[in-house]
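Coordinate analysis (summary)
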Amino acid sequence: KAEPSEALKATVAWSTGVENAKYLVSSLQLDAFRRGEEIKQEVDIKAEKGAYFLSADVVLKANSDKTWMIIANVNQSMVNISEISELINEKTDLIAKIQEDIALGSKRLLELNGASDALQLTADKLRNTRHFSNTLFNIMRGGIFDDGYKIEKWDFVKYLEKANKKVFKKKQGLLKGLPEVFTHGHLKSLAKKDEDKNFKRLAIEYMPLKFSRRHGDPSRPWNQFSINTTNELDGSKILDYEGNWRDIFQNWEALAHSYPEFIESMIHKFLNATTFDGYNPYRVTKDGFDWEIIEPDDPWSYIGYWGDHQIIYLLKFLEFIEHHYPNELATYFKQDIFVYANVPYKIKSYADILTNPKDTIEFDQESDEKIAQKRNELGADGALLRDENYFIYKVNLVEKLLATVLAKVSNFIPEGGIWMNTQRPEWNDANNALVGNGVSMVTLYYLRRFLNFLEGVIKNVPDDDNVVSKELAGFFNKVLSTLNENEQILSGKVSDKERKTVLDGLGNAGSAYRTGIYEHGFSSDKDTISKTDLLRFLEISKKYLDHSIDANKRDDNLYHAYNIMTIENDSEISISYLPEMLEGQVAVLSSGYISGEASLELLDALKSSALFRPDQYSYILYPDKELPRFDVKNNIPSKKVEASALLQQLLKDGNKQVILQDVQGNYHFNGTFNNAKSLKEALSQLPEEQYGGLVAEEKDLLLGTFEE
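Some details on the overall build of the protein
A tally of helices and strands in the protein yields 25 helices and 26 strands. Taking the principal axes of its C-alpha atoms as reference, the protein extends roughly 85 × 80 × 60 Å. Going through the 708 residues of the protein one by one, you find that 48% of them count as buried. Taking all contacts inside the protein whose residues are at least 6 apart in sequence as the whole, residues at least 24 apart take part in 74%. Working note: accessible area of the protein is about 36,800 Å², and carbon and sulfur atoms make up 50% of it. On the protein, the mean spot of the 85 positive side-chain charges and the mean spot of the 108 negative ones are 4 Å from each other.

Below, the structure is given as structure tokens:
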């Protein structure tokens with residue numbers, strides 16, 4: 001908005017080591033310098049970009065040298081500038097002071113990186129350097145713990161107040177009794193003894209991280225980020241973290257190896273930021289989580305859920321804690337201290353998703369406004385899902401894990417993979433075009449590993465019944481019933497009709513569950529899932545996944561990574577395959593299903609595949625394939641035109657909205673089209689009276705021709 005705004009900080013450039021220099025603060029005289037013309041000192045230049053250049057004559061005797069420095073200090077106030085001016089006027093050994101400052105910065109960076117085990121010593125210096133840089137990039141995203149397992153009272157108090165004002169007020173006595181510095185173990189002990197479930201959850205989630213920033217390609221307009229280490233107002237320390245979901249949890253996976261006692265905090269943060277329908281918002285912060293919104297004036301704005309976030313990143317944490325602290329997970333099976341993120345997205349019904357799998361999520365503006373209001377009143381907990389009585393809805397670990405798993409299983413397409421129908425691809429942006437019709441075997445491979453892990457944990461739990469929300473139990477029972485009723489299809493190759501039948505059962509189960517919660521919320525009524533039924537679900541789900549893995553083994557011993565699903569009609573879905581991709585091979589090796597012998601066959605096949613780079617003795621994500629030249633694209637075969645009454649009529653009428661004929665007599669779709677959606681829009685804009693009947697008859701034919 002229009003209001004007075006003046007910058008009280010600036011970037012300062014200065015130099016030392018060059019005597020009798022002329023100073024330029026723009027680039028205006030550079031050409032004159034190149035021509036050997038006289039240079040005039042600049043003091044103030046207007047309407048030009050700022051710069052800093054020195055012009056001086058330097059005479060060097062034989063075997064002598066000359067050293068100088070040009071320094072830039074960013075974000076400087078007048079107090080800072082006065083200090084720098086004094087240093088320059090004192091004419092002390094500035095170069096030595098600057099080198100000391102650089103050394104101090106390097107020392108601090110080494111300490112930060114060393115705290116995450118970045119310093120290793122092997123016989124290969126390149127590997128040492130690579131490990132150091134990887135670790136640095138890692139902590140720059142996920143952060144690094146401030147002082148090991150020590151916690152400072154001021155930051156925990158500030159965090160709690162921002163998270164939930166009611167809990168903060170209620171716990172004043174406890175907070176006042178805390179020492180100024182205490183250990184993470186002490187906080188965990190307090191949390192486990194406390195009966196306030198909201199305090200318990202928030203205390204477990206707390207992590208004193210610093211040096212974190214959002215990650216992203218700076219060339220993309222939405223990626224604006226900085227590493228905030230000190231408060232510019234008072235110079236105090238800042239402990240904070242924020243990042244896109246994938247970046248935060250990928251980087252914490254490595255950080256957990258340096259700080260294993262924080263693994264519980266990482267798991268709780270992960271699960272408490274996921275939704276009841278099994279997905280997650282796109283950004284996680286110390287003070288909660290954020291989601292994308294639709295901004296009419298921003299062409300980059302969009303909403304959706306990435307389909308690969310929920311399984312493998314969580315699984316790595318679960319495996320880690322089970323290895324380090326066996327049976328610790330099971331202690332949370334009976335504790336209702338987990339919550340659901342309340343993201344204002346509504347996934348459409350299964351029927352609507354079938355109609356248009358690329359447009360599947362609605363943004364609930366009213367809900368978004370209510371959440372914002374509640375956040376303002378309560379704090380970050382205002383963005384948590386509430387039951388029909390308006391209490392923060394709490395569940396146990398079994399329910400959180402089932403919600404995640406059922407979201408995937410309810411989008412399972414036999415012999416295809418996990419349907420990517422939430423308006424976002426998986427981690428690889430190159431797969432953006434797969435949204436809606438893409439099916440991920442990559443996520444299926446990891447889901448198989450997840451189910452196998454969960455089965456092992458469940459078997460070791462002595463309790464028979466698992467208490468979950470009544471609504472989730474209904475979802476679970478419908479999914480299990482569908483899998484049991486269609487088990488016979490696993491005896492051979494699955495037909496297109498059988499594939500659609502299974503997906504209908506699973507998809508409708510997920511749809512009914514989501515719609516019920518969207519419309520009525522959780523009732524707070526609980527139901528039980530027996531250990532027998534839970535193990536049966538895991539067993540039969542693995543059977544379906546194993547069958548699909550076998551079906552996706554290629555003739556060359558590689559495995560398919562992503563496939564395409566096509567809704568042929570109301571009762572059939574077909575699967576087609578994409579070229580080989582490296583991530584499919586990595587994921588299937590990780591699945592735990594294929595044997596050691598099959599794994600060796602796959603590794604040998606990789607060496608013989610188009611994914612192998614002999615010159616680097618490494619692999620590429622996709623084959624380097626020859627793409628068709630521009631002049632062989634967008635050519636409609638004459639037979640296709642002859643078979644279409646609509647195209648012939650458009651040509652006869654001279655209507656160029658859909659098809660054009662060039663001077664050589666060849667046919668082409670309108671050059672403004674960039675995908676099938678463009679063609680659909682053009683067909684819908686044809687005059688109804690002239691072409692309406694023909695469009696209705698031939699729409700699918702023309703769309704098929706376009707895709708060919």
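We are not done yet, so read on.
Notes on the packing of aromatic side chains
Counted by the stated rule, this structure contains 34 aromatic pairs. Seen from their ring centres, F270 and F317 are 6.5 Å apart, and the 85° between their planes marks the pair as edge-to-face. Taken together, the residues F270 in helix α11 (residues 263-272) and F317 in helix α12 (residues 312-324) connect sequence positions 47 residues apart. Comparing F270 with F317, the two get one shared label, buried. Taking the centre distance of 6.0 Å and the plane angle of 90° together, the rings of F276 and F522 count as edge-to-face. Of the two residues, F276 sits in the loop between α11 and β10 (283-285) while F522 sits in the loop between α18 (496-520) and β20 (526-530), which places them 246 residues apart along the sequence. Accessibility assignment for this pair places F276 and F522 in one class, buried. Counting every residue linked through ring pairs, the aromatic cluster contains F276, Y340, Y393, F475, Y513, Y518 and F522. The ring of Y390 carries R386 above its face, with NZ or CZ at 4.9 Å from the centroid.

Brief notes about unusual backbone geometry
For Y390, which is not glycine, the phi torsion reads 70° and is therefore positive. A positive phi angle is found at N557, which is not glycine, with a value near 75°.

Some points on the packing of helix α17 (residues 470-485) against helix α19 (residues 531-551)
Direction vectors running N to C along α17 and α19 enclose 50°, while the axes themselves pass 10 Å from each other. Between α17 and α19, the angle is such that the two are oblique. Where α17 crosses over α19, the handedness of that crossing is left-handed. Contact residues: α17 offers F476, V479, L480, T482, L483 and N484, while α19 offers D533, L534, R536, F537, I540, S541 and Y544. Across the contact of α17 with α19, the residue classes break down as eight nonpolar, three polar and two charged.

With respect to the sheet that holds strand β21 (residues 562-569)
Strand order in the open sheet made by the five strands is β16-β17-β18-β21-β22, with antiparallel pairing throughout. Both edges of this open sheet fall to β16 (412-413) and β22 (572-577), since each of them pairs with a single strand only.

What to know about the packing of helix α24 (residues 676-684) against helix α25 (residues 688-707)
With their axes 10 Å apart at the nearest point, α24 and α25 run at an angle of 155° to one another. With respect to α25, the axis of α24 lies roughly antiparallel. α24 and α25 meet at a crossing whose hand is right-handed. Residue-level contacts link A676, L679, K680 and L683 of α24 to V695, K699, L702, L703, F706 and E707 of α25. Class assignment of the residues belonging to the contact of α24 with α25 gives a composition of seven nonpolar, no polar and three charged.

Regarding the environment of K553
Among the structural elements, K553 can be located in the loop between α19 and β21. Remark: the alpha-carbon pair of K553 and L602, spanning 49 residues in sequence, is separated by 9.7 Å. Apart from the residues lying within four places of it in its own chain, the contact partners of K553 are L558, Y559 and E601.

Describing the pattern of salt bridges
Evaluated as defined, the whole model comprises 43 salt bridges. Between K543 and E487 there is a salt bridge, with its nearest N and O atoms 3.1 Å apart. With K543 in helix α19 and E487 in the loop between α17 and α18, this residue pair connects regions lying 56 residues apart in the sequence. Residue class for E487 comes out partly exposed when judged on its relative accessible area of 25%.

Rules used throughout
- Residues numbered from 1 in each chain as written.
- Predicted model: local features only at pLDDT ≥ 70, side-chain atom pairs only at ≥ 80, totals over all residues.
- Heavy atoms only, no water.
- Helix = DSSP H or I, 4+ residues; strand = E, 2+ residues; numbered from the N terminus.
- Buried < 20%, exposed > 50% of the residue type's maximum accessible area, 1.4 Å probe, protein only.
- Contact = heavy atoms within 4.5 Å.
- Areas by Shrake-Rupley, 256 points an atom, 1.4 Å probe, with all protein chains shown as cover.
- Lys, Arg positive; Asp, Glu negative; His and termini not counted.
- Charge placed at Lys NZ, Arg CZ, Asp CG, Glu CD.
- Phe/Tyr/Trp six-rings, centres within 6.5 Å; stacked < 30°, edge-to-face > 60°.
- Lys NZ or Arg CZ within 6 Å of the ring centre and 35° of its normal.
- Axes fitted to C-alpha atoms, helices over the stretch in contact; angles between N-to-C directions.
- Parallel < 35°, antiparallel > 145°, perpendicular 65-115°, else oblique.
- Left-handed = near helix turned anticlockwise from the far one by under 90°.
- Nonpolar A, V, L, I, M, F, W, Y, C, P; charged D, E, K, R; others polar.
- Pairing = 2+ DSSP bridges.
- Salt bridge = Lys/Arg side-chain N within 4 Å of Asp/Glu carboxyl O.

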